Each structure stands twice: as structure tokens, then as C-alpha cells.
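Below are the chains, spelled out letter by letter.
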Amino acid sequence: LKYTHQNHKGMETFGIGILGCARIAKKNCRAVKKLSSSSCLQITAVASRSKEKAVDFVNEVVLRALDDGDGDDGAQQQTPRIFAGENAYDQLLNSVTTTTPLINAVYIPLPTMLHERYVAKALRSGKHVLLEKPVAPSSKSYREMLHAASQNGKFLM
């Protein structure tokens, strides 16, 4: 994996974008924040159809974790970019990977029936993908996602 941005300690960071603000996303993102105190992971973007939900998600999951001591003392977590509205997921996926903050991968905690559409878009836009289970509605759909990941040289997990 290529890291393309350095944090305040000179470590290269790996930016993660979140598509959706579901309860499971909050739980898993809190785990990422705990890891980020000793690793290069940062949540750099959040997309939601509701701006209010996206702002609440960032405040509760990302920024509060730093205040509660879950993150590194003095961590330089930037406030994640917020994408909101009907096209929020597409806007996040289409954001240029060379902008700051970077989005190297996306976590997709959306309903299973939406996975294939957003996995394909994420992979085509040059982002690695972490999916919530079940990964696909059918084995055919899953094979197509794996093929797209292979064709684009990205990970699908």
C-alpha cells in the first residue's frame, strides 16, 4: 500500500473515507481511532445523505475520541471532510486522491444491495475497499467485485 501524506510525527498516513453513518460504522470507526494513536490510519472523510448525521458522526466518533484520550496525546487528526446530500457517496468517491486530506481507502457500511454499485465506483476511483458483511447479495456479484479489485490493483476486504 502506498501512503501519500505525512502526519505531524513524519509518519506516512493512510486516509480512510466512510460511506454512511450507520451504527456499525460508529463502532468500527472508534476501533480505527484507537489504532490511529499508534499507527498511520486516519479517518479523512465522511459521506452521508444527511449533513446533520455526518457532522454528528465526526463529532462523536472522530473528534470526541481525541478528547476522551482514545487517540494519541497531541494527535494531529484533521477534521474529516464532510460530503452530504443525495450525491454524497459519489462526491467522496470522486474526490481526487492527491487532495488533502487524502482518501486512500473507503469503508462501506451500507446495505448489502448497495455494495456492488459503490465497490465498483470506489475501485475505479483508485481506492481500496473495506466492506461490511454480508459482502454481496450473490456469489456472482462477489466474483464481479473481486475481479474489479484485481483489474484495478486494489484490495477488497
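Computed from a predicted model, the values in this text were never measured in an experiment.

Conventions adopted
Residues numbered from 1 in each chain as written. Predicted model: local features only at pLDDT ≥ 70, side-chain atom pairs only at ≥ 80, totals over all residues. Heavy atoms only, no water. Salt bridge = Lys/Arg side-chain N within 4 Å of Asp/Glu carboxyl O. Helix = DSSP H or I, 4+ residues; strand = E, 2+ residues; numbered from the N terminus. Buried < 20%, exposed > 50% of the residue type's maximum accessible area, 1.4 Å probe, protein only. Disulfide = S-S within 2.5 Å. Expected span 1.5 Å × (residues − 1). Arc of directions from axis to C-beta. Contact = heavy atoms within 4.5 Å.

### Concerning the pattern of salt bridges
- In total, this model carries four salt bridges according to the counting rule given.
- Across the pair Glu60 and Arg30 runs a salt bridge whose closest N-O atoms are separated by 2.6 Å. You can see Glu60 sitting in helix α2 (residues 51-67) and its partner Arg30 sitting in helix α1 (residues 23-36), a full 30 residues away along the chain.
- With relative accessibility at 25%, the residue Glu60 sits in the partly exposed group.
- The partner of Asp90 in a salt bridge is Lys121, with the nearest N and O atoms 2.8 Å apart. Of this pair, Asp90 sits in helix α3 (residues 88-94) while Lys121 sits in helix α4 (residues 112-124), placing them 31 residues apart in sequence.
- Ionic contacts of the salt-bridge type, sharing partners, join the residues Lys26, Arg30 and Glu60 into one network.

### What to know about the state of the cysteines
- A full pass over the atoms with the stated rule returns zero disulfides.
- The thiol sulfur of Cys21 is not disulfide-bonded, and the nearest other cysteine sulfur, from Cys29, lies at 8.7 Å.
- Note on Cys29: relative accessible area 1%, which makes it buried.

### Considering helix α5 (residues 139-152)
- Given a rise of 1.5 Å per residue, 14 residues ought to cover 20 Å, and the 20 Å separating the end C-alpha atoms of α5 matches this to within 8%.
- If you check which residues of α5 are buried, you get Ser141, Met145 and Ala149. The buried side chains of α5 occupy one side of the element, clustering within an arc of 80 degrees when seen end-on. Within α5, the exposed residues directed more than 90 degrees away from the buried face are Lys140, Arg143, Ser150 and Gln151.
- Where α5 is buried, its residues contact α4 and β6 (128-131).
- Among the residues trailing α5, Gly153 stands out with phi positive, at a value near 65 degrees.

Nothing here speaks to function; it is all geometry.
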